[in-house]
Every structure is written in C-alpha cells, then in structure tokens.
Amino acid sequence: MFKHFVITNFRCFAGLHLQQLERVNLIAGKNNTGKTALLEAIHIHNNPANWQLPIEINKERGILNPSKALEEVCGWLFYGGNYTGGLSLGSQDDKGISRTLKMFIFDHATSRQWYPQAEQALAARINPALFHGSLPRLIMKYEEPGQPEQVSIGVAGTMVAGGFGGTWIDARIPWNIRSIFLGSSGAEPPQDEALFGAIEKAKRQEEILPALQIVEPRLLRLSLAPLAGESVIHGDIGLPQLVPLPFMGEGLRRVLSIVLAIANASGGVVLIDEVENGLHYSAMKDVWRSIALAARRGDVQVFATTHSWECIQAAHHAFKENGPYELRYHRLDRVAGQIKVKSLDEQGLTRIETTDLEIR
C-alpha cells in the first residue's frame, strides 16, 4: 500500500503531499479543488509504461478524441498548462520503496538530444506516410532506486487516410500494479462485463453478491446473457426470467462496478470518483462495510472522492463499528491560490462529527 503520495506540477497542483495513507482514503473538498485530478495522478503513476493513458484519461472529462491534439490536450496535465519543466508523481509504499514517474512534452529535437536511444527505436516505427516525424513527443520516465531508468515515448497525430492514431515505445518496467479507475458516471458496461467474466470464470461470484444484496435483497445470482445482440449482465431476483442489470436501477449498477473493480484488483488500487453517485444515503454505511471487507480480502487500497457529508459519516461509522479502522479522510482546500490538504484519522473525524463543523 502507498503510505505517501507526492504531486508536483500536475493539473491544478503546484505541489501536494498526501501522508499517512490508509487502506481506504476518502477525499473531499469544494468544487475545483482537484479531487478528480488527484485520482488521475495516482492512476497515471500506477501505469508508468502506458503511454496512451495520459491521453485517454481525458475522455473522462468529455474530450472525445484527445489524440487529435496531443500537445494541447496533454498540456493541461501540467500545472497551469505549462509543460516546460515537466511534472512528477511520486509514491512511497509500506515497505519504504519510493517510485517516481516524470512526464514531459518535448519537441523532436529536444527529445532526440535527451533520449537518443528511445528516439531511435521510435523512428523505426514511425511511418512517414502517416505521421510527421517532427510532431511533439509525450515522454514518461520511471525512476526507482536500484533500478535502471526506464522511458516510454510516443507521438500522436493526424493520419493522411483520415482518423487519428499514435506510435510509441513502452518501457519495460519491473514494477506492475493493478489500477482500476471508476469515473463519476460509473464504468462502461463492457468494462463491468469483462470484470464479471473474470470473477465468474474463477468461481468467485459469492465474493460480490453480499454487497449487491444490500441494494437489491432479492438478488440470488448474476449471469451473462444475450440482449439486443450483446452479452449483458443479468440478475436473478426470483422472477420467471433473469432481469438485465441496466433495468435494475443505477444504485445496483454503481455498487456492482465498485465491487467488481475491487475483486479484480488484488494487491492493487481502485480509484472511485464521486463514490456516492446513484446510492441512497441510508445504504451508504452498508456499502462502505462491503467496500472495507472486499478491500481487506483482496489486499486492495481504495481512493474515493465525495461531496456528501452523509457519505463521510457512513464511512466513519462503518469502519468504527467493524474494525480495524483503516480509513483516512483527506480534505482539499484552496489557500492563497494553492491547493492544500488536511487529513483526519478516527479521532479527528469523531471530534468533527460531535462539533458539527463543515468538512465536505
């Protein structure tokens, strides 16, 4: 598990240091204080050889074709849109191992000067009929003490045949962590179906059913079945036929996405944006109890954002009543133009709850 996470020059963060991270970390703050950006930073850091991720992650923000303009779109990954000095995402885990991912956007000449071997490998893959060799490079550099520096490099641009694409060289990095990101609107059905298929194949459906039964007590089991020419998750709620999950309510779909992600991220990280979306406040404590149980069973670390005081209270009581207390609350605030973080443990949240102070 991560115990520290440090961000430099990423999105809205000039610098941020999260300390004393727990198994489950709940992140709150007003609008435009970087809650989603924090999840993005952790997700990109966890995928240091995935050159496409810093581009594709912008789709969650409504940019449908981010590869059309690598320099412009990915430029906003950097603080203030200024990528001159690069950015850095660093962690230290519970074994004391530090890992850093640095990211840069360079022109062709600068990239060739600093990373000649990577450029040579990239040049061999670039088809001059499809891509301009002088297009900007997105560079991801991974550093870990005692390990050789590893570099991923890529170029994206317009193809003469129409459409967009990219060419890249991914680094061979010895460190690998399973990281699953759930946006505020939930996972796309194909992602849920793929994750459910992996659970079903391993005969592990009993691990996810209890959490789902909190939202739908009639649920007996899940199955993949055809619907409109596609394979869709269905639920057995005691009716003569299975019911397609898309017709069983947003709350059930949200909980399914969360527990499927945790069940498939053993030893890794799950990131959940606006965790309370689609869930009634009265069910939140049971949902948090299920999240805690699944996270412990799979040795998964969870980072979740929320705007809801009821969600914060529910998480606090779920961990307090069903120990060990593995929850840490992190509040992001904009102070003198910079985003700062204040973290609270069990005692801090109990004190805030009794004084009725605003901490969302």
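Just so it is clear, the model here is predicted, and its values are computed rather than measured.

Calculation rules
Residues numbered from 1 in each chain as written. Predicted model: local features only at pLDDT ≥ 70, side-chain atom pairs only at ≥ 80, totals over all residues. Heavy atoms only, no water. Helix = DSSP H or I, 4+ residues; strand = E, 2+ residues; numbered from the N terminus. Rg over C-alpha atoms; globule rule 2.2 N^0.38 Å. Buried < 20%, exposed > 50% of the residue type's maximum accessible area, 1.4 Å probe, protein only. Areas by Shrake-Rupley, 256 points an atom, 1.4 Å probe, with all protein chains shown as cover. Lys, Arg positive; Asp, Glu negative; His and termini not counted. Charge placed at Lys NZ, Arg CZ, Asp CG, Glu CD. Polar contact = N/O pair within 3.5 Å; in protein donor to acceptor, adjacent residues only side chain to side chain. Phe/Tyr/Trp six-rings, centres within 6.5 Å; stacked < 30°, edge-to-face > 60°. pLDDT = per-residue confidence, 0-100. Contact = heavy atoms within 4.5 Å. Pairing = 2+ DSSP bridges. Axes fitted to C-alpha atoms, helices over the stretch in contact; angles between N-to-C directions. Parallel < 35°, antiparallel > 145°, perpendicular 65-115°, else oblique. Left-handed = near helix turned anticlockwise from the far one by under 90°. Nonpolar A, V, L, I, M, F, W, Y, C, P; charged D, E, K, R; others polar. Right-handed = clockwise from strand over helix to strand, strands pointing away.

Colleague: Looking at this structure, I do not really get the overall build of the protein. What am I missing?
Modeller: Within the protein, the regular secondary structure consists of 11 helices and 16 strands. The globule rule puts the C-alpha radius of gyration for 360 residues at 21 Å, and the 22 Å found for the protein is close to it. Viewed in the frame of its principal axes, the protein has a C-alpha envelope of about 60 × 55 × 35 Å. Relative to its full complement of 360 residues, the protein shows a buried share of 51%. Approximately 16600 Å² of the protein is accessible, and the part contributed by carbon and sulfur atoms is 51%. Charged side chains of the protein number 36 positive and 38 negative; the gap between the two group centres comes to 3 Å.

Colleague: For this particular structure, what's the right way to read the environment of Arg254?
Modeller: Checked against the element boundaries, Arg254 lands in helix α8 (residues 250–263). Separated by 39 residues in the primary sequence, Arg254 and Val215 place their C-alpha atoms 10.0 Å from one another. At 3.0 Å, the side chain of Arg254 forms a polar contact with the backbone oxygen of Gly183.

Colleague: Looking at this structure, I do not really get the packing of aromatic side chains. What am I missing?
Modeller: Geometrically, a pair of aromatic rings is defined through the distance of the ring centres and the angle of the planes. Here the structure, examined in full by the defined rule, presents four aromatic pairs. Between Phe2 and Phe5 the ring centres are 6.2 Å apart and the planes differ by 50°, which places this aromatic pair in the tilted class. Here Phe2 matches Phe5 in class, with each residue buried. Seen from their ring centres, Phe104 and Phe106 are 5.3 Å apart, and the 20° between their planes marks the pair as stacked. Phe104 sits in the buried class, given a relative accessible area of 12%. The exposure class of Phe106 is buried, given its relative accessible area of 14%.

Colleague: I tried to follow the confidence of the model for the protein on my own but got confused; where do I start?
Modeller: Reading predicted coordinates in detail is not appropriate for stretches of low pLDDT. Of the residues in the protein, 93% have a pLDDT of 70 or more, and the chain-wide mean is 89. The low-confidence segment residues 158–164 (pLDDT under 50) makes 12 contacts with residues lying over four places distant or belonging to another chain.

Colleague: How do you make sense of the environment of Glu200 when you look at a structure like this?
Modeller: Turning to its location among the elements, Glu200 is positioned in helix α6 (residues 189–201). In this structure Glu200 comes out as partly exposed when scored by relative accessible area, which is 35%. Separated by 22 residues in the primary sequence, Glu200 and Leu222 place their C-alpha atoms 9.0 Å from one another. Discounting residues that sit within four places of it in the chain, Glu200 has contacts with Gln205 and Leu222. A polar atom in the side chain of Glu200 sits 2.7 Å from the side chain of Gln205.

Colleague: I tried to follow the sheet that holds strand β3 (residues 24–29) on my own but got confused; where do I start?
Modeller: The strands making up a sheet associate through backbone hydrogen bonding, with each pair oriented either parallel or antiparallel. Strand order in the open sheet made by the six strands is β9-β13-β14-β3-β15-β16, with mixed pairing throughout. Of all the strands in the sheet, just β9 (179–182) and β16 (338–344) have a single pairing partner and so form its edges. Strand-to-strand twist in this sheet, taken as the mean axis angle between neighbours without regard to direction, amounts to 15°. Judged from the seven bridges that link them, strand β15 (residues 327–335) and β16 form a sheet pairing that is antiparallel. Each residue of the ladder has a partner; that of Asp333, found in β16, is Lys340.

Colleague: Any chance you could explain the packing of α6 against α8 here in plain terms?
Modeller: Packed helix pairs are specified by the crossing angle of their axes together with the interaxial distance, meaning the distance between the axes. At a minimum axis separation of 9 Å, α6 and α8 run at an interaxial angle of 55°. Taken together, α6 and α8 sit at an angle that is classed as oblique. Of the two elements, α6 crosses α8, and the hand of that crossing is left-handed. Here α6 contributes Asp192, Leu195, Phe196 and Ile199 to the contact with α8, which in turn contributes Arg253, Ser257, Leu260, Ala261 and Ala263. A class-by-class count of the residues in the contact of α6 with α8 yields six nonpolar, one polar and two charged.

Colleague: Even after reading the chapter, I still don't get the sheet that holds strand β11 (residues 230–236), so can you show me in this structure?
Modeller: Reading across from one edge, β10-β11-β12 is the order of the three strands in this open sheet, with antiparallel pairing throughout. In this open sheet, the two strands that pair with only one neighbour each are β10 (221–227) and β12 (243–244). Of the pairings in the sheet, the one linking β11 to β12 comprises two bridges and is antiparallel in character. Note on β12: the bridge partner recorded for Gly235 is Val243.

Colleague: Mind showing me how you'd approach the pairing of strand β13 (residues 269–272) here?
Modeller: Burial of β13 is two-sided: the residues Val269 and Leu271 facing one way and the residues Val270 and Ile272 facing the other way are all buried. Inspection of the sheet shows β9 paired to β13 by four bridges, in the parallel sense. Residue Ser179 lies in a different strand from β13, and its bridge partner there is Val269. Pairing analysis gives four bridges linking β13 to strand β14 (residues 301–305), with the strands arranged parallel. Across the sheet, Ile272 pairs through a bridge with Ala304, a residue of β14. Chirality of the crossover, the property in question, places the unit of β13, helix α9 (residues 284–298) and β14 among those that are right-handed.

Colleague: Is there a simple way to think about unusual backbone geometry in this case?
Modeller: Backbone geometry follows two general trends: most residues other than glycine have a negative phi, and most peptide bonds adopt the trans configuration. Across the junction of Gly323 and Pro324, the peptide omega takes the value 0°, indicating a cis bond. Mapping Pro324 onto the fold places it in the loop between α10 (309–321) and β15. Of note, the phi angle at Asn32 is positive, near 65°, even though the residue is not glycine. Of note, Asn32 is situated in the loop between β3 and α1 (35–45). Judged by its relative accessible area of 61%, Asn32 is exposed. The backbone of Ala336 shows a phi angle near 50°, a positive value even though the residue is not glycine. Summarising the element assignment, Ala336 is placed in the loop between β15 and β16.

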